[in-house]
Amino acid sequence: MLEIFLPNEHVKSIFDITPEQLKSKGIKGIITDLDNTLVEWDRPNATPKLISWFEELKKHNILVTIVSNNNEARVKAFAAPLQIPFIFMAKKPMTKAFKRALRQMGIKKEEAVVIGDQLMTDVLGGNLSGFHTILVVPVSQSDGFMTKFNRLLERRILNWLRKKGMLQWED
Ligand SMILES: [Mg+2]
């Protein structure tokens with residue numbers, strides 16, 4: 001039953017996800033979380049490394065939409081300078097925002113991946129919507145207020161998945 005929390009892939013960081021890999025799998029667009037996925041939850045802007053990563057994706061014609069549960073001020077201040085489309089207050093794991101992102105990018109579900117650092121929101125929401133999901137290790141050890149609650153549950157689910165041998169990374 002907890003399999004609904006199981007990501008299709010798990011990687012150490014978004015930088016392990018390359019345009020070449022994505023293209024080889026027929027992926028045309030990324031739906032990505034913001035906080036602790038792209039940068040630390042309390043870092044207002046993209047790092048130079050992240051900006052290069054976005055540029056690489058763009059060169060390969062891979063679309064990106066940032067889908068975040070955070071508020072408009074946070075998400076807009078981060079995404080607008082990058083000229084990346086975004087959806088704030090997404091209410092993940094509810095599926096509406098994922099579908100909207102897909103519609104906006106004009107691609108099919110099979111052509112998109114959902115990337116995020118949380119099982120309870122990103123992976124669950126992506127799985128419920130039928131996307132290929134990629135879990136990343138949180139950029140920061142600390143979390144925003146709401147996330148702290150989700151992490152408690154997440155830790156139990158991660159332990160369960162690990163015990164079942166469904167998830168492994170050296171931490
Ligand atoms: Mg996050």
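These numbers come from a predicted model, not from an experiment.

(A) Local environment of the coordination of the magnesium ion. Within the first shell, the magnesium ion binds the protein through Asp33 (OD), Asp35 (O) and Asp117 (OD), at distances of 2.1 to 2.2 Å. Spacing between the donor residues of the magnesium ion along the chain follows D-x1-D-x81-D. Here Asp35, found in the loop between strand S2 (29-32) and helix H2 (48-59), pairs with Asp117, found in the loop between strand S5 (112-116) and helix H5 (119-128); they are 82 residues apart in sequence, far enough to count as distant. As far as the burial class goes, Asp35 and Asp117 line up, both buried.

(B) Looking closely at a positive patch on the surface. On the surface, Lys91, Lys96, Arg100 and Arg103 cluster together into a positively charged patch. Secondary-structure assignment places Arg100 in helix H4 (residues 96-105).

(C) Seen up close, the pattern of salt bridges. Summed over all chains, the structure comprises 10 salt bridges. Between Glu111 and Lys28 there is a salt bridge whose closest N-O contact spans 3.2 Å. Residue Glu111 is found in the loop between H4 and S5, and its partner Lys28 is found in the loop between helix H1 (19-24) and S2; the two are separated by 83 residues along the sequence. On the accessibility criterion, Lys28 (44% relative accessible area) is partly exposed. The partner of Asp35 in a salt bridge is Arg74, and the shortest N-O contact between them spans 2.6 Å. Of this pair, Asp35 sits in the loop between S2 and H2 while Arg74 is found in helix H3 (residues 72-79), placing the two residues 39 residues apart along the sequence.

(D) Just helix H6 (residues 145-163), in detail. Taking 1.5 Å as the rise per residue, H6 with 19 residues should run 27 Å; its terminal C-alpha atoms sit 28 Å apart, in good agreement. The principal kink in H6, of about 30 degrees, is found at Arg151. Three or more residues of H6 are buried, namely Thr147, Arg151, Glu154, Ile157, Leu158 and Leu161. Structurally, H6 contributes buried residues whose contacts are with H5 and strand S6 (132-136). Once H6 finishes, Gly165 follows within two positions and takes phi at roughly 75 degrees, a positive value.

(E) Seen up close, the pairing of S2. Here S2 shows no split at all, with Gly29 and Ile31 on one side and Ile30 and Thr32 on the other all buried. Pairing analysis gives four bridges linking S2 to strand S3 (residues 63-67), with the strands arranged parallel. Its bridge partner being in S3, Gly29 is matched across the sheet by Leu63. Regarding the hand of the β-α-β motif, the stretch spanning S2, H2 and S3 is right-handed. Across four bridges, S2 lies against S5 in parallel orientation.

(F) The arrangement of the side chain of Asp33 in detail. If you trace the backbone, Asp33 turns up in the loop between S2 and H2. For Asp33, a relative accessible area of 8% corresponds to the buried category. A distance of 2.7 Å separates the side chain of Asp33 from the side chain of Thr37, its partner in a polar contact. With near-sequence residues (within four places) excluded, Asp33 lies in contact with Leu38, Val67, Lys92, Ile115, Gly116, Asp117 and Asp122.

(G) Structural detail: the nonpolar core. Formed by 25 residues in total, the largest nonpolar core has its most connected members in Ile30, Leu50 and Trp53. Mapped by element, the contributors of at least two residues to this core are H2, S3, H3, S5 and S6. Sort the elements by how many residues they give to this core and H2 lands first, with four residues. Discounting residues that sit within four places of it in the chain, Trp53 has contacts with Ile14, Phe15, Ile17, Ile30 and Leu38. Ile31, Phe98, Met105 and Phe131 belong to the second-largest nonpolar core, a separate cluster that totals 13 residues.

Criteria and thresholds
Residues numbered from 1 in each chain as written. Predicted model: local features only at pLDDT ≥ 70, side-chain atom pairs only at ≥ 80, totals over all residues. Heavy atoms only, no water. Donors = N, O, S within 2.8 Å, 3.2 Å for Na, K, Ca; no water. Helix = DSSP H or I, 4+ residues; strand = E, 2+ residues; numbered from the N terminus. Buried < 20%, exposed > 50% of the residue type's maximum accessible area, 1.4 Å probe, protein only. Patch = residues over 30% accessible without salt bridge, like charges linked within 9 Å, V, L, I, M, F, W, Y side chains within 5 Å. Areas by Shrake-Rupley, 256 points an atom, 1.4 Å probe, with all protein chains shown as cover. Salt bridge = Lys/Arg side-chain N within 4 Å of Asp/Glu carboxyl O. Lys, Arg positive; Asp, Glu negative; His and termini not counted. Charge placed at Lys NZ, Arg CZ, Asp CG, Glu CD. Expected span 1.5 Å × (residues − 1). Bend = angle between axes of the 7 residues up to and from the residue. Contact = heavy atoms within 4.5 Å. Pairing = 2+ DSSP bridges. Right-handed = clockwise from strand over helix to strand, strands pointing away. Polar contact = N/O pair within 3.5 Å; in protein donor to acceptor, adjacent residues only side chain to side chain. Core = buried A, V, L, I, M, F, W, Y, C linked by side-chain atoms within 4.5 Å.

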